[in-house]
Amino acid sequence: MATQRAHKAARLMISPSVILLLAWMIIPLGTTIYFSFLRYNILTPPPSWTGVENYTYFLTDPAFIPALVNTLVLVLGVLIITTVGGILLALLLNMDFWGQGIVRILVISPFFVMPTVSALVWKNMFMHPVNGLFAHLFRAVGLQPVDFLSTMPLLSIIIMVAWAWLPFATLILLTALQSLDSEQMEAAEMDGAGWLSRFIYLTLPHLTRSITVVVLIQTIFLLAVFAEIYVTTAGGPGYASTNIPFFIYNLSLKQFDAGMGAAGGVIAVIIANIVAFFLMRAVGKNLEL
Amino acid sequence: MGNITLENVAKRFGEVEVIPPLDLNIEDGEFVVFVGPSGCGKSTLLRLIAGLEDVSGGRILIDGQDATEASPAKRGLAMVFQSYALYPHMSVRKNIAFPMKMAGMPEDEQKRRIDAAATALNLTDYLDRRPGQLSGGQRQRVAIGRAIVREPSAFLFDEPLSNLDAALRVGMRLEISELHNRLKTTMIYVTHDQVEAMTMADKIVVLQAGRIEQVGSPMELYRNPRNVFVAGFIGSPKMNLLTGPTAAEFGAETIGIRPEHIGVSTESGKWKGRIGVSEHLGSDTFFYVEGTGIADAITVRADGEIDLYHGDDIWLTPQEDKLHRFGKDGNRI
């Protein structure tokens with residue numbers, strides 16, 4: 001039985017990396033869980049056991065519910081903008097036009113800009129109430145400039161993050177569009193389907209799998225948005241743009257409370273898993289994993 | 001009604017003229033086969049008729065109406081694609097219903113037509129499956145089903161059997177011919193396989209490099225090929241084409257003689273040679289005779305029971321009344 005031997009050999013060969021990766025994941029997770037049960041302020045060592053007190057404080061903190069809601073709004077908002085925008089951009093880029101190679105590279109480029117840099121560019125060059133481009137545009141038509149970051153902080157951050165992730169969605173969806181069988185489109189054309197019908201009945205079903213991939217991958221990263229908030233609004237005003245990662249940062253690093261931070265980390269892992277569970281139920285069936 | 005007329009229809013891709021201006025008339029109810037080697041423009045011609053490509057010149061008339069500028073959907077034609085082009089995420093039922101749904105047909109009429117098509121094409125048990133769960137032949141039938149429910153004025157087939165294995169191809173060939181006998185609708189069928197052309201067509205259009213070489217019934221083309229190209233293309237195995245002194249003897253540049261029009265003897269004859277390869281099919285035997293001095297190999301059809309094999313000497317005698325003679329320009333004399 002060559003195949004069974006091959007299976008055994010494969011398992012043996014692959015085990016070192018699997019064990020290493022598993023340890024890489026389990027040890028920090030275990031440490032975090034252990035810390036979350038300690039009263040452990042870095043300024044006042046030594047740590048002492050407190051049980052679930054950290055969790056109680058974390059969950060009853062007045063900022064927790066706003067942070068949770070903000071996280072979900074941020075994730076959902078960016079997902080909607082990037083998938084809808086990504087589909088539209090991909091449809092445009094899939095057409096034949098002069099200079100499409102350069103245009104495609106330009107469209108992809110925001111993805112390569114670091115989050116801190118893009119957030120600062122947005123903050124200082126676009127959304128600044130005095131020097132920003134938007135302020136100039138508002139004044140040009142005689143309107144009062146808007147201070148985006150203080151009047152609509154969460155929306156501003158959604159726009160920044162969506163701008164950075166739109167290229168990713170576009171790229172994935174564009175490759176999917178390019179694999180759409182042209183004979184199917186022609187058959188639909190002969191069957192009397194107009195542009196919109198072809199989009200709804202052929203293009204969109206063809207894209208479902210890629211949309212699923214875009215949604216799942218983006219969710220993982222969007223749950224952890226931090227840099228954009230840190231360099232622009234710092235979670236404010238009030239808690240208006242604080243999400244769970246920023247909330248944890250506030251607790252653990254600003255107040256030097258490692259135990260509380262660890263408890264927040266564990267809760268964040270649980271929240272991420274709940275979101276992932278619902279996502280997989282909603283869209284995961286398209287993946288045939 | 002399904003009368004299609006092409007007047008001076010031409011197609012250019014940039015500078016390249018794929019189809020020089022040509023005229024063609026397809027009568028209502030005819031089974032027309034476009035046949036030719038790959039790259040001869042036969043698929044392009046079909047796509048011009050379908051409206052999937054714009055013509056560069058000339059007019060296309062469908063039932064006497066100018067359809068040159070009409071959109072594919074408005075021409076009342078249905079097409080079966082080489083890849084079948086089924087919608088992969090829809091069930092067979094939905095695939096077949098799609099054109100009717102797009103036309104806004106009432107549900108009960110859709111259902112009636114789907115059931116009728118499914119019965120006619122043996123698809124009743126598969127209506128709720130997806131195309132991915134069907135075999136090649138079944139997918140082919142779904143594609144045909146999707147075409148017939150529209151009750152088009154003509155069917156267009158673009159090499160529909162080329163993705164099927166040999167046995168299935170013969171079966172589907174029969175089914176398409178039966179479908180034509182039953183529906184009596186105009187069908188235009190594109191293939192590179194001259195056997196399909198010979199077996200199915202009422203009228204064969206032989207194309208080469210975008211030009212129509214000859215139009216006629218299968219037997220007309222078989223008996224009286226207009227030029228060397230048609231002579232060599234129609235018929236299986238191929239006609240023997242001989243040049244040089246052998247042809248000059250008959251006052252021609254090239255002479256053609258079909259394998260079945262050469263007599264075989266072990267004692268005497270016009271040309272002597274040795275059997276290179278012998279194919280014993282039971283019903284017939286084909287010899288590829290070498291060393292005759294008039295051509296590299298001459299193909300001969302002999303009786304199925306003949307007892308000659310590789311290496312045996314053989315005498316060949318052509319039936320002179322069945323000789324085809326072609327002049328310098330390749331045309332029939």
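A. Seen up close, the overall build of chain A. A count of helical and extended segments in chain A gives 13 helices and two strands. Reported as C-alpha extents along the three principal axes, the dimensions of chain A are approximately 80 × 75 × 30 Å. Looking at chain A as a whole, 31% of its 289 residues are labelled buried. Expressed as a percentage of contacts within chain A between residues at least 6 apart in sequence, the contacts between residues at least 24 apart total 70%.

B. Up close: the domain arrangement of chain B. What the domain assignment lists for chain B is domain 1 (4-230) and domain 2 (238-326). For domain 1 of chain B versus domain 2 of chain B, the distance between C-alpha centres works out to 38 Å.

C. Examining the confidence of the model for chain B more closely. All names here are of chain B. Looking at chain B as a whole, its pLDDT mean stands at 89, while 100% of the residues score no less than 70. Looking across chain B, the model is least confident in helix α9 (residues 245-248), with a mean pLDDT of 85, and most confident in strand β3 (residues 31-35), with 93. Across the whole predicted complex the pTM is 0.78, and at the interface the ipTM reaches 0.80.

D. Local environment of the packing of helix α2 (residues 53-60) of chain A against helix α13 (residues 258-283) of chain A. Residues and elements named next belong to chain A. At their nearest, the axes of α2 and α13 sit 9 Å apart, and the two run at 70° to each other. When the axis of α2 is compared with that of α13, the two are roughly perpendicular. Classified by chirality, the crossing of α13 by α2 is right-handed. Contact residues: N54, Y55, Y57 and F58 in α2; G259, M260, A263, G264 and I267 in α13. Per-class residue counts for the contact of α2 with α13 are six nonpolar, three polar and no charged.

E. Inspection of the pairing of strand β8 (residues 186-191) of chain B at higher detail. All names here are of chain B. Within β8, six of the six residues are buried, which leaves the element mostly enclosed by the surrounding structure. Both faces of β8 are covered, namely the face carrying T186, I188 and V190 and the face carrying M187, Y189 and T191. Relative to β8, β3 is paired through five bridges, and the arrangement is parallel. Its bridge partner being in β8, V32 is matched across the sheet by I188. Pairing between strand β7 (residues 154-158) and β8: five bridges, direction parallel. In the sheet register, F157 faces β8, and the bridge partner there is Y189. Since β7 and β8 lie parallel, the crossover through helix α5 (residues 166-183) that links them has a hand, and here it is right-handed.

F. Region of the structure containing the packing of helix α8 (residues 153-178) of chain A against helix α10 (residues 195-222) of chain A. All names here are of chain A. Closest axis-to-axis distance for the α8/α10 pair is 9 Å, and the angle between their directions is 150°. Our classification of the angle between α8 and α10 gives roughly antiparallel. Of the two possible hands of crossing, α8 and α10 adopt the one that is right-handed. Residues V161, W165, A169, I172, L173 and A176 of α8 touch α10, and the partners they reach there are H206, L207, S210, V213, V214, Q218 and L222.

G. The environment of R146(B), seen in detail. All names here are of chain B. Mapping R146 onto the fold places it in helix α4 (residues 136-148). In the structure, R146 is positioned 29 residues away from A117 in sequence and 8.4 Å away in space, judged by C-alpha atoms. Not counting residues within four places of it along the chain, the set of residues in contact with R146 comprises N95, I96, F98 and P99.

H. Spatial organisation of the interface of chain B and chain A. At the interface, 15 residues of chain B touch 13 residues of chain A. Of all the elements in the fold, those that place two or more residues in the side of chain B that touches chain A are β6 (77-80) and α2 (92-102) of chain B. The biggest single contributor to the side of chain B that touches chain A is α2(B), with three residues. A class-by-class count of the residues in the side of chain B that touches chain A yields 13 nonpolar, two polar and no charged.

Reading the values: the criteria
- Residues numbered from 1 in each chain as written.
- Chains lettered and ligands numbered in written order.
- Predicted model: local features only at pLDDT ≥ 70, side-chain atom pairs only at ≥ 80, totals over all residues.
- Helix = DSSP H or I, 4+ residues; strand = E, 2+ residues; numbered from the N terminus.
- Buried ≥ 20, exposed ≤ 12 C-beta atoms within 10 Å, placed from the backbone.
- Contact = placed C-beta atoms within 7 Å.
- Domains from an automatic or database assignment.
- pLDDT = per-residue confidence, 0-100.
- Axes fitted to C-alpha atoms, helices over the stretch in contact; angles between N-to-C directions.
- Parallel < 35°, antiparallel > 145°, perpendicular 65-115°, else oblique.
- Left-handed = near helix turned anticlockwise from the far one by under 90°.
- Nonpolar A, V, L, I, M, F, W, Y, C, P; charged D, E, K, R; others polar.
- Pairing = 2+ DSSP bridges.
- Right-handed = clockwise from strand over helix to strand, strands pointing away.

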